[in-house]
Amino acid sequence: MKRSPDGLAPIVTLDRRLAKPLHRQLYDGLRDAILEGRLRPGQRLPATRTLARDLRVSRLPVVAAFEQLVDEGYVISRVGAGTFVSSAFPGHRGSRIGVGSSPAADASTTPRSHRRRLPRSPLATLDEPWLERWGPFRVGQPTVDAVDARAWGRLVAWHARRMPERLHAYGDPMGYRPLREALAHYLGTARSVRCDAEQIMITSGSQQGLTVTAHALLEPGDEVWCEEPGYRGARDALLLRGARPVPVPVADDGLDVTAGIARHPQARAAYVTPSHQYPLGVVMSAPCRLRLLDWARRRGAWVIEDDYDSEYRYDAQPIAALQALDADQRVVYVGTLSKVLFPALRLGYLVIPRDLVARFRRVRDAVDIFPPPLHQAALHDFIRNGHLTRHIRRMTAVYAERRRALVEAIRRELGESVRIVGDRAGLHLTLMLPPGADDRDVAVRAAGRGVSVTPLSSCYAGRRRQPGLVLGYAAAPREEIAAAVRELGSVIGA
Ligand SMILES: Cc1ncc(COP(=O)(O)O)c(C=O)c1O
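Read on for a plain summary of the structure. (Residues numbered from 1 in each chain as written. Predicted model: local features only at pLDDT ≥ 70, side-chain atom pairs only at ≥ 80, totals over all residues. Heavy atoms only, no water.)

**So, the pairing of strand 10 (residues 331-336)**
Stage number 1. Of all 6 residues making up strand 10, 6 are buried, and the element is well covered by its neighbours.
Stage number 2. The side-chain alternation of strand 10 yields two buried faces, one formed by V331, Y333 and G335 and the other by V332, V334 and T336.
Stage number 3. By the bridge criterion, 4 bridges tie strand 9 (residues 302-306) to strand 10 in an arrangement that is parallel. Note on strand 10: the bridge partner recorded for D306 is V334.
Stage number 4. Direction of pairing for strand 10 relative to strand 11 (residues 348-351): antiparallel, over a ladder of 4 bridges. When the bridges of strand 11 are listed, G335 appears paired with Y349. (Buried < 20%, exposed > 50% of the residue type's maximum accessible area, 1.4 Å probe, protein only. Helix = DSSP H or I, 4+ residues; strand = E, 2+ residues; numbered from the N terminus. Pairing = 2+ DSSP bridges.)

**Thoughts on the site of the ligand**
Stage number 1. Surveying the vicinity of the ligand reveals 13 residues, the closest of which are S206, D306, T336, S338 and K339.
Stage number 2. S206 has a polar side-chain atom sitting 2.6 Å from an oxygen atom of the ligand.
Stage number 3. At 2.7 Å from an oxygen atom of the ligand is found a side-chain nitrogen or oxygen belonging to S338.
Stage number 4. Surface burial for the ligand is 90%, taken as the share of its 400 Å² of free accessible area covered by protein chains.
Stage number 5. The leading source of residues in the shell around the ligand is helix 8 (residues 205-217), at 3 residues.
Stage number 6. Among the residues forming the shell around the ligand, the class breakdown is 4 nonpolar, 6 polar and 3 charged. (Near = heavy atom within 4 Å. Polar contact = N/O pair within 3.5 Å; in protein donor to acceptor, adjacent residues only side chain to side chain. Areas by Shrake-Rupley, 256 points an atom, 1.4 Å probe, with all protein chains shown as cover. Nonpolar A, V, L, I, M, F, W, Y, C, P; charged D, E, K, R; others polar.)

**Describing the nonpolar core**
Stage number 1. With 68 residues, the main nonpolar core has F137 and L431 as its most contacted residues.
Stage number 2. Among the elements that line this core, the one with the most residues is helix 14 (residues 387-414), at 10 residues.
Stage number 3. Residues from two domains meet in this core; each of domain 2 (129-140 + 394-492) and domain 3 (149-389) gives at least three.
Stage number 4. Leave out the neighbours within four places in its chain, and L431 touches I410, L414, V418, R419, I420, P467, G468, L469, L471 and L488.
Stage number 5. Core analysis: the second largest hydrophobic core is formed by 26 residues, V224, C226, A269 and V332 among them. (Core = buried A, V, L, I, M, F, W, Y, C linked by side-chain atoms within 4.5 Å. Domains from an automatic or database assignment. Contact = heavy atoms within 4.5 Å.)

As structure tokens, this is what we get:
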């Protein structure tokens, strides 16, 4: 241990056994002493010659360390007078902002008063223990092994090797133009969406689409009708913007527009899942769609249509998107490839009213500048070569079969104790449990037995919650369904 020449506390120690060079050890030691306030602003450092002698090293590492400290502004050197800790540098007594110190060490040494200054997060802490294990009925998960991996892999590899130079540069915030054209065509035929490529923005899943929409259309404090029960991801995107998601009940024909007008007349927007409400699976009726659009037109409000799993409808043709009925450009349509292909692809899209495109583009530029082109280019070819439509057709048959097996198993194993809702479309159905049942407890115990169900009560924002279980069946292998439902039955019955 060495002492400074003026008899102050030891300022730095060197260890020759370390791989770290001596000049670096010395630099780190002096810098830490400054950051921690052991060397105070304006304090004179010992001369390099003296320090080298005290530390029993040559002058070279000492001079190198001092030069670096001067370069970075920790100390200043005055000719003829010596080297001083910069007086412009605030003393950080007790708080280490040290480069090279571990994040854990930083957190443990940050005074409590500093940590408390963090703003309160608008996002609630998540408490979803039923998601800790992976098993049949995980909501939101399609079958990924059914995607034509060979075709997809070939396209990704081809584009990775051949991507032209211009696609390695900064690109359009709206996304890869050929993919936007392919999607405009696909949405027009499959979903009756009225748009052209100019209005399509490629996003990182629908979650980013919702976040960009919230920033483009809303101000902090704006009320937004949200389906109750509903999709937490949408509420989170709104909360992050500082907007106020307000719960509006879901009736048998979709969001209760009359209740929305009565309870929250000032709302600036409505978030809806009209093709297959999440989580109840209700399909929004045509009169309800028209009521909602009429409200939006009269109020000058926006409708955010999340069409997340509409491609799959089992006993009838898919229902046209709400956007198709919008004559006033009030609907922002949000779509995703997460359900038709796989969630980790993180590709989704927005269809933006024509007069708002520039505004959305500007927001996107501020969020992540533009989407990465590799998977967009591969997806473009995947769509253009017909793989996507073939995949959807094939998967509709697979999922219809799984749904049938699930409904049969539920009727057989659970009988009258539960009511099935929302099983006509999409990739999940919901079991309504008797009033007073503890669906969270059921979900946690089911997870313990390897069955992943989501408690319906977790989808509510308000206090009045109906108990139930949301079951995703798309990723549940046909042969595992009966046993998993039996397991669930024993948990519910216990
Ligand atoms: C209602 C709803 N919207 C959107 C999504 C998809 O989100 P993303 O496209 O960000 O993967 C989900 C996924 O579960 C969902 O339930």
